[in-house]
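# Descriptive analysis of the structure
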Amino acid sequence: MTQVQVGVGAVVVNGGKVLVMRRAGAHGAGTWGLPGGHQEYGETPEGTAVRETAEETGLAVRPTARLGFTDDPMPDIARHYVTLFIACTSTGGEPRLREPEKATALAWLTPDELHARRGELFAPLRRCLDEGLLQNALT
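A few points on the structure. (Residues numbered from 1 in each chain as written. Predicted model: local features only at pLDDT ≥ 70, side-chain atom pairs only at ≥ 80, totals over all residues. Heavy atoms only, no water.)

## Here's the deal with the overall build of the protein chain
Scanning the protein chain from N- to C-terminus turns up 4 helices and 7 strands. Going from the N terminus to the C terminus, the protein chain shows its helices and strands as β-β-β-β-α-β-β-β-α-α-α. Expected size for 139 residues packed as a compact globule is a radius of gyration near 14 Å; at 14 Å, the protein chain falls within 12% of this value. The principal-axis extent of the C-alpha atoms belonging to the protein chain is close to 40 × 35 × 30 Å. Classification of the 139 residues of the protein chain by burial places 42% in the buried group. Sequence-distant contacts, at least 24 apart, represent 67% of the contacts inside the protein chain between residues at least 6 apart. Side-chain charges of the protein chain comprise 14 positive and 17 negative groups, with the mean position of each set lying 2 Å from the other. (Helix = DSSP H or I, 4+ residues; strand = E, 2+ residues; numbered from the N terminus. Rg over C-alpha atoms; globule rule 2.2 N^0.38 Å. Buried < 20%, exposed > 50% of the residue type's maximum accessible area, 1.4 Å probe, protein only. Contact = heavy atoms within 4.5 Å. Lys, Arg positive; Asp, Glu negative; His and termini not counted. Charge placed at Lys NZ, Arg CZ, Asp CG, Glu CD.)

Pasting the structure below:
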């Protein structure tokens, strides 16, 4: 692929913990990432975060802030993303795996737990953590 794509990561926070999913199937399989996906034409980043979180976990969320972005070249798979991170709060439901071909597990992790699992994180989430973008969602 020779073009940069826009991805959106939904930073869903509850009680000081962030919702993560163990990725399956697509690039980054086996790593922990955020609910999210490709931004569609005409869709806002917030709209993508709401849609993807509902599709992947069944949670209804409300966007609360734009946290920033990471630049995520993935030359080993010939892809390049700019990932936008959107803070969200849950407005209803309990998370469950709705797309088992995309994720095999869900977890609520604290920032300390994310740092401890840094080597297990999907590259965009790892960069988001390293750049301090999650802090604004947790305050």
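## Observations concerning the packing of aromatic side chains
Two aromatic rings are characterised by how far apart their centres lie and by the angle between their planes. Under the defined criterion, the tally for this structure stands at 0 aromatic pairs. Sitting over the ring of phenylalanine 122, arginine 23 keeps its end group 3.8 Å from the ring centre. (Phe/Tyr/Trp six-rings, centres within 6.5 Å; stacked < 30°, edge-to-face > 60°. Lys NZ or Arg CZ within 6 Å of the ring centre and 35° of its normal.)

## Structural notes on the environment of threonine 57
Mapping threonine 57 onto the fold places it in helix 1 (residues 45–57). Note on threonine 57: relative accessible area 0%, which makes it buried.

## Details of the side chain of threonine 57
At 3.1 Å, the side chain of threonine 57 forms a polar contact with the backbone nitrogen of leucine 59. When sequence neighbours within four positions are dropped, the list of residues in contact with threonine 57 reads Leu19, Met21, Pro35, Glu94, Pro95, Arg96, Arg98 and Leu106. (Polar contact = N/O pair within 3.5 Å; in protein donor to acceptor, adjacent residues only side chain to side chain.)

## Some remarks on helix 1
Helix length check: helix 1 (13 residues) gives 18 Å between terminal C-alpha atoms against 18 Å at 1.5 Å per residue, within 8%. Regarding helix 1, the residues found buried are Pro45, Glu46, Thr48, Ala49, Arg51, Glu52, Thr53, Glu56 and Thr57. On its buried side, helix 1 packs onto strand 1 (5–14), strand 2 (17–23), strand 4 (36–38), strand 5 (60–74), strand 6 (79–92) and strand 7 (103–109). Among the residues trailing helix 1, glycine 58 stands out with phi positive, at a value near 80°. (Expected span 1.5 Å × (residues − 1).)

## Looking at the pairing of strand 2
Counting buried residues along strand 2, 5 of its 7 residues qualify, which places the element largely inside the surrounding structure. By the bridge criterion, 2 bridges tie strand 1 to strand 2 in an arrangement that is antiparallel. Residue pairing for strand 2: asparagine 14 is matched across the bridge by lysine 17. In this antiparallel pair of consecutive strands, strand 1 and strand 2, the connection spans 2 residues, and glycine 15 shows a positive phi of 60°. By the bridge criterion, 6 bridges tie strand 2 to strand 7 in an arrangement that is antiparallel. Along strand 7, the bridge assignment pairs valine 20 with alanine 107. Relative to strand 3 (residues 32–33), strand 2 runs antiparallel, the two being bridged by 2 bridges. Across the sheet, arginine 22 pairs through a bridge with tryptophan 32, a residue of strand 3. (Pairing = 2+ DSSP bridges.)

## Side note on the pattern of salt bridges
Within the structure shown, the criterion is met by 9 salt bridges. Here aspartate 72 ties to arginine 127 by a salt bridge, and the two come within 2.7 Å at their closest N and O atoms. Of this pair, aspartate 72 sits in strand 5 while arginine 127 sits in helix 3 (residues 123–130), placing them 55 residues apart in sequence. Across the pair aspartate 130 and arginine 118 runs a salt bridge whose closest N-O atoms are separated by 2.5 Å. (Salt bridge = Lys/Arg side-chain N within 4 Å of Asp/Glu carboxyl O.)

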